[in-house]
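Chain by chain, the residues:
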Amino acid sequence: MQVNPQIIEGLMGASANIKMAGTPMSVYRQASAEGDTEKMKRALGYAGECTQRAAKYQEKLEEGIKAEREEAKKDKEAELDNRLEEQNKPEHKCTDTVEISEEARAAQANEPVEMATEPVVYTNSGEASPLPAAETAVIFNA
């Protein structure tokens, strides 16, 4: 993913201008200690200009972040649409078929049906085989 150029410009510009405001602020403190009000005013003016430029870069940064979020949201929606399209393709849908046995057909016709008395398991080929005998052991501990 590529970072929005506004974000980079906003971060770098705001950072540089805040750092640059440090110099006139140190001049202001020095002039304040000396009692030089004209020098203090000039230093505050320079510091104010730097902070105003930093605020403008902050706005660019916020615009870049907003654009980046919108782009990410669009990408996420497009990815979701692609997934839905993939899931709805015919080759991804499963279809089951059911065959009705002779016993079921006879039951529908109300004919007597021969019922198995023991449980059975049906193999992959469709043949019925008796359930294997399960060995159970019960252990009691006193």
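What this report covers is the structure whose coordinates are included nearby. This one's a predicted model, so the numbers in the text were calculated from it and none came from an experiment. The residue count restarts for each chain, going from 1 along the sequence in the order it is written. Where totals are concerned, whole chains, interfaces and linings use all residues; where local detail is concerned, this predicted model gives features only for residues with pLDDT of at least 70, and gives and counts side-chain atom pairs only at 80 or more. Hydrogen atoms and water are omitted, and side-chain values are computed over all heavy atoms in the structure.

This brings us to the overall build of the protein chain. Strands are runs of DSSP state E lasting at least 2 residues, helices are runs of H or I lasting at least 4, and numbering of each runs from the N terminus. Looking only at helices and strands, the protein chain features three helices and two strands. Tracing the protein chain from N to C terminus, the helices and strands come up as α-α-α-β-β. Across the protein chain, every contact between residues at least 6 apart in sequence was considered, and the portion connecting residues at least 24 apart equals 53%. Each accessible area is a Shrake-Rupley estimate made with a 1.4 Å probe; only the visible protein chains count as cover when residues are assessed. When the accessible surface of the protein chain is totalled, it reaches about 12,600 Å², and 53% of it is carbon and sulfur. Contacts were defined at the residue level, with two residues in contact if any of their heavy atoms lie within 4.5 Å.

The next point concerns the pattern of salt bridges. Salt bridge, as applied in this entry: a Lys or Arg side-chain nitrogen positioned within 4 Å of an Asp or Glu carboxyl oxygen. Tallying each qualifying case throughout the model produces two salt bridges. One salt bridge in this structure joins lysine 60 and glutamate 9, with 2.7 Å as the shortest N-O distance. Taken as a pair, lysine 60 in helix α2 (residues 37-87) and glutamate 9 in helix α1 (residues 5-34) lie far apart in primary sequence, 51 residues in all. Close ionic contact of glutamate 79 with arginine 83 constitutes a salt bridge, the shortest N to O distance being 2.8 Å. Residue glutamate 79 and its partner arginine 83 are located together in helix α2, separated by four residues, close to a single helical turn. Relative accessible area serves as the criterion here: at 52%, arginine 83 is assigned to the exposed category. Each residue gets one of three labels from its accessible area relative to the maximum for its type: buried under 20%, exposed over 50%, partly exposed in between, using a 1.4 Å probe on protein chains only.

Residue pairs spaced three or four apart in an α-helix point in one direction, given the helix's 3.6 residues per turn. A helix's residues, less one, multiplied by 1.5 Å, set its expected span. An ideal rise of 1.5 Å per residue puts 44 Å on 30 residues; α1 measures up with 44 Å between its terminal C-alpha atoms. Looking at α1, one finds that the buried residues are Ile7, Gly10, Gly13, Ala14, Asn17, Ala21, Pro24 and Ala31. For α1, the elements touching its buried residues are α2. Any N or O atom pair separated by 3.5 Å or less is treated as a polar contact, with the protein-specific requirement of one donor-capable and one acceptor-capable atom, and with residues adjacent in sequence counted only for side-chain atom pairs. Two or three places before glutamine 6, at the opening of α1, asparagine 4 has a side-chain oxygen 2.9 Å from that residue's backbone nitrogen. Once α1 finishes, glycine 35 follows within two positions and takes phi at roughly 85 degrees, a positive value.

With that settled, consider the side chain of asparagine 17. Tracing the sequence through the fold places asparagine 17 in helix α1. Overall, asparagine 17 belongs to the buried group, its relative accessible area being 5%. A distance of 2.8 Å separates a polar side-chain atom of asparagine 17 from the backbone oxygen of glycine 13. Beyond its immediate sequence surroundings of up to four residues, asparagine 17 is in contact with Cys50, Arg53, Ala54 and Tyr57.

For helices, the axis comes from a line fit to the C-alpha atoms of the stretch in contact; other axes are also lines fit to C-alpha atoms, and the angle between any two N-to-C directions lies between 0 and 180 degrees. Relative to each other, α1 and α2 sit at 165 degrees, their axes nearing to 7 Å. As judged from the angle between their axes, α1 and α2 are roughly antiparallel. By crossing handedness, the relation of α1 to α2 is classed as left-handed. Roughly parallel covers angles under 35 degrees, roughly antiparallel covers those over 145, roughly perpendicular covers 65 to 115, and oblique covers all other angles. Definitions for this section: a left-handed crossing has its near helix turned counterclockwise from the far helix by less than a right angle. A right-handed crossing has that turn clockwise.

Moving on to a nonpolar patch on the surface. In this scheme, patches are assembled from residues that exceed 30% relative accessible area and form no salt bridge. Like charges are connected within 9 Å, while nonpolar side chains (Val, Leu, Ile, Met, Phe, Trp, Tyr) are connected within 5 Å. A cluster of nonpolar side chains, contributed by Val3, Ile8, Leu11 and Met12, occupies part of the molecular surface with about 380 Å² of accessible area. Assignment of secondary structure puts leucine 11 in helix α1.

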